[in-house]
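Take a look at the letters that make up each chain.
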Amino acid sequence: MTGVQTCALPISVSNTNGAGQTNVQAVDPPADAPSGIVFPYGMFEFTVTGIEEGGTVHMEVYVPYDPVITGYWKKNVNTGQWEDIAQSVTKVGNQMRITFNLTDGGDYDEDVVSGQITDQGGPGGPETVKAVPTMTEWGMIVFILLAGLMGVFYMRRRAYSA
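Everything numeric in this text was worked out from a predicted model, so none of it was measured. (Residues numbered from 1 in each chain as written. Predicted model: local features only at pLDDT ≥ 70, side-chain atom pairs only at ≥ 80, totals over all residues. Heavy atoms only, no water.)

## A short note on the confidence of the model for the protein chain
Averaged over all residues, the pLDDT of the protein chain is 85; the fraction at 70 or higher stands at 92%. Below pLDDT 50 for its whole length, residues 1–8 participates in 31 contacts with residues either more than four positions away or in separate chains. (pLDDT = per-residue confidence, 0-100. Contact = heavy atoms within 4.5 Å.)

## Section: the environment of Val 63
The topology assignment puts Val 63 in strand β6 (residues 56–64). For Val 63, a relative accessible area of 0% gives the class buried. Considering only alpha carbons, one finds Val 63 and Val 92, 29 residues apart in sequence, at a separation of 9.9 Å. Filtering out sequence-adjacent residues up to four positions away, Val 63 remains in contact with Pro 10, Ile 11, Tyr 41, Ile 69, Gln 95, Met 96, Ile 98 and Pro 123. (Helix = DSSP H or I, 4+ residues; strand = E, 2+ residues; numbered from the N terminus. Buried < 20%, exposed > 50% of the residue type's maximum accessible area, 1.4 Å probe, protein only.)

## Description of unusual backbone geometry
For Asn 23, which is not a glycine, the phi torsion comes out positive at approximately 55°. Mapped onto the elements, Asn 23 comes out in strand β3 (residues 20–27).

## Let's talk about the packing of aromatic side chains
Inspection of every chain in the model, using the stated rule, returns three aromatic pairs. When the ring of Phe 44 is compared with that of Tyr 72, the centres are 6.2 Å apart and the planes differ by 70°; the resulting orientation is edge-to-face. Here Tyr 72 lies in strand β7 (residues 71–75) and Phe 44 lies in strand β5 (residues 43–49), a separation of 28 residues in the sequence. Tyr 72 shares its class with Phe 44; the two are buried. Through a chain of ring-to-ring contacts, three or more aromatic side chains come together here, namely Phe 44, Phe 46, Tyr 72 and Phe 100. (Phe/Tyr/Trp six-rings, centres within 6.5 Å; stacked < 30°, edge-to-face > 60°.)

## Examining the nonpolar core
Of all hydrophobic cores here, the largest spans 23 residues; its most connected members are Phe 46, Val 61, Phe 100 and Leu 102. At the level of elements, β5, β6 and β10 (95–103) are the ones that each hand at least two residues to this core. Apart from residues no more than four positions distant in its own chain, Phe 46 is found in contact with Val 13, Thr 22, Asn 23, Val 24, Met 59, Tyr 72, Phe 100, Leu 102, Ile 117, Thr 118 and Asp 119. Core analysis: the next-biggest nonpolar cluster, separate from the first, contains six residues, Val 27, Ile 37, Phe 39 and Trp 73 among them. (Core = buried A, V, L, I, M, F, W, Y, C linked by side-chain atoms within 4.5 Å.)

## A look at the pairing of strand β11 (residues 116–126)
Most of β11 is tucked away: nine of the 11 residues are buried. Relative to β11, strand β4 (residues 37–38) is paired through two bridges, and the arrangement is antiparallel. When the bridges of β11 are listed, Ile 37 appears paired with Pro 126. Across six bridges, β5 lies against β11 in antiparallel orientation. When the sheet's bridge partners are listed, Thr 49 is paired in β11 with Gln 116. With four bridges connecting them, β7 and β11 associate as antiparallel partners. Considered in β11, the bridge of Gly 71 is made with Gly 124. (Pairing = 2+ DSSP bridges.)

This is the structure we're talking about:
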């Protein structure tokens, strides 16, 4: 793994091609970020330099483990749509490793400079609704029995007082 660089966030970015990486920094999600997707660590951007014109670089992004992360989201510069470009998302120790490819001049290259790829994206996943805690089956049985006993006790007490 070469070209490892980190930013102020607990994120490291590397590539396996030996290309240089610069300007790894946190950025605010844009106004048109995909709805229904959460970015626990926000978004960030970086620039990969020293690659062949039209060449592809294999990227690895490491972030602290968060089960919500299921992919790496980028905006397709040709369609304007946000897409999950992750090839794999793997838990490695207490981190998530996200791998994806970027191609110079490709759908996800945000600059027009040959031999350089500018990336802005982020690790994220679908917004989930928190489950409401419920009782187990046995908990419900005990609750119903207790409620029934309380009802019987109340009815007997009422009968004696009348």
